[in-house]
Amino acid sequence: MKKLPLPFLCVLMGLAGCSEVAAPVDRNSQMASDAGAAERPQRIVSLNLCVDQLLLALADRDQIAGLTRNARDPEMSAAASEVKDLRILGNAAEEILDIDPDLVMGMPARRSAAMGALAGRGYPSMDLQTARNLDDIYASIHAAAQAVGYADRGQALVQKMMDGMEALPSPGRGRVAAFYQRRGFMTGTGTLIDDLMNRAGLVNLASQLDKPALAQLSIEEMAAAQPDFIILESSTARISDQGSEMLHHPALRHIPRIFLPHAWTVCGGPTYVDAARSLVQQISEHDRAESIGHR
């Protein structure tokens, strides 16, 4: 529950004795607050998984009129457990027409198929750019919080993330890591994953190989590169199909593995800190095990 200032609690609850310790209520500030509440959007529709999670973190539940179908998938959304009774939308523009939203949010909203079908309807919309680093995440949180009418919640969330990141060490010590995905795709530079690696003190293998943001790397190429770590999505920790089979090839088994949930890295949001904390912890655990093994 959001902690409210004492004077506001007094107004809401009629608490006896509050006047003895609380400052007098500023009527102008109270009127501005009431006006701000009236201006907050009351029927917000999300067209993007990443926006789903920002809304769940920043908006009142009764403001959220519709989320994407991936919002309830725990493999995709780190906030899937928070969706519960909220409305999940399909791909039909008619669903949005039925809601008659006063704000449509996406990344970017205007490029989606649904918004194309709704062109000319005049629904207010907001585009949030894809986050490629931590500062982008902070900017998106501030923008989303302002849009839903709770700038203070955005500031509090960003500060919490900043505090969490400041407490983390960088144990990578310039060692090389590769974020390797199904079918041999490797995440390159200029991405959120790359930013995450750098903050942990790791060097992205893609930068050494001069690869783009997303490139395929064969088993032979990965084995020849010999990174210090291979970072995998948790869902590929075991072989489940041909797409994940190559990640477990004998030629790569000797390279230490780090596992991160896909839901923590697919979007730029609060779970960036969870991913960073887990990455740092797994590197440190590997180093401790190596140190014990060499005694």
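A brief look at the structure comes next. Quick caveat: nothing in here was measured; it's all calculated off a predicted structure.

Things to note about the state of the cysteines
(1) Moving on: A full pass over the atoms with the stated rule returns one disulfide.
(2) Moving on: Note on cysteine connectivity: C50 is disulfide-linked to C267, with sulfurs 2.1 Å apart. Taking the torsion about the sulfur-sulfur bond, which here is approximately -85°, the covalent link between C50 and C267 counts as left-handed. Taken together, the positions of C50 in helix α3 (residues 49-58) and C267 in the loop between α12 (262-265) and α13 (271-293) put the pair 217 residues apart, joining distant regions of the chain.
(3) Moving on: Under the relative-accessibility criterion, C50 is labelled buried at 14%.
(4) Moving on: Accessibility expressed as a relative area gives 4% for C267, which makes it buried.

Examining the pattern of salt bridges
(1) Moving on: Overall, the coordinates contain eight salt bridges when judged by the stated rule.
(2) Moving on: Where D287 meets R173, a salt bridge forms, and the shortest distance between an N and an O atom there is 3.2 Å. Within this pair, whereas D287 is found in helix α13, its partner R173 is found in the loop between α7 (151-166) and β5 (176-179), the two being separated by 114 residues in sequence.
(3) Moving on: According to the relative accessible area criterion, D287 is buried, its value standing at 19%.
(4) Moving on: Note that R182 is salt-bridged to D241, the shortest N-O span being 2.9 Å. Linking R182 in the loop between β5 and β6 (185-187) with D241 in the loop between β9 (229-233) and α11 (242-245), this pair joins segments that are 59 residues apart in sequence.
(5) Moving on: Linked through salt bridges whose partners overlap, the residues forming this network are R173, R175 and D287.

Remarks on the pairing of strand β10 (residues 257-260)
(1) Moving on: With burial as the criterion, only one face of β10 is covered, namely that bearing I258 and L260; the residues R257 and F259 on the opposite face remain uncovered.
(2) Moving on: When β9 meets β10, the two strands line up parallel, connected through four bridges. Among the inter-strand pairings, E233 is bridged to a residue of β10, identified as L260.

A closer look at the sheet that holds β5
(1) Moving on: Sheet architecture is open: four strands sit in the order β7-β5-β9-β10, paired in parallel fashion. On the outer flanks of this sheet lie β7 (203-204) and β10, each paired with one strand and no other.
(2) Moving on: Contacts from helix α8 (residues 192-199) reach β5, β7, β9 and β10, with the element oriented near 155° to β5.
(3) Moving on: Contacting β9 and β10, α13 crosses the sheet at an angle of about 160° to β10.

Basis of the calculations
- Residues numbered from 1 in each chain as written.
- Predicted model: local features only at pLDDT ≥ 70, side-chain atom pairs only at ≥ 80, totals over all residues.
- Heavy atoms only, no water.
- Disulfide = S-S within 2.5 Å.
- Helix = DSSP H or I, 4+ residues; strand = E, 2+ residues; numbered from the N terminus.
- Buried < 20%, exposed > 50% of the residue type's maximum accessible area, 1.4 Å probe, protein only.
- Salt bridge = Lys/Arg side-chain N within 4 Å of Asp/Glu carboxyl O.
- Pairing = 2+ DSSP bridges.
- Contact = heavy atoms within 4.5 Å.
- Axes fitted to C-alpha atoms, helices over the stretch in contact; angles between N-to-C directions.

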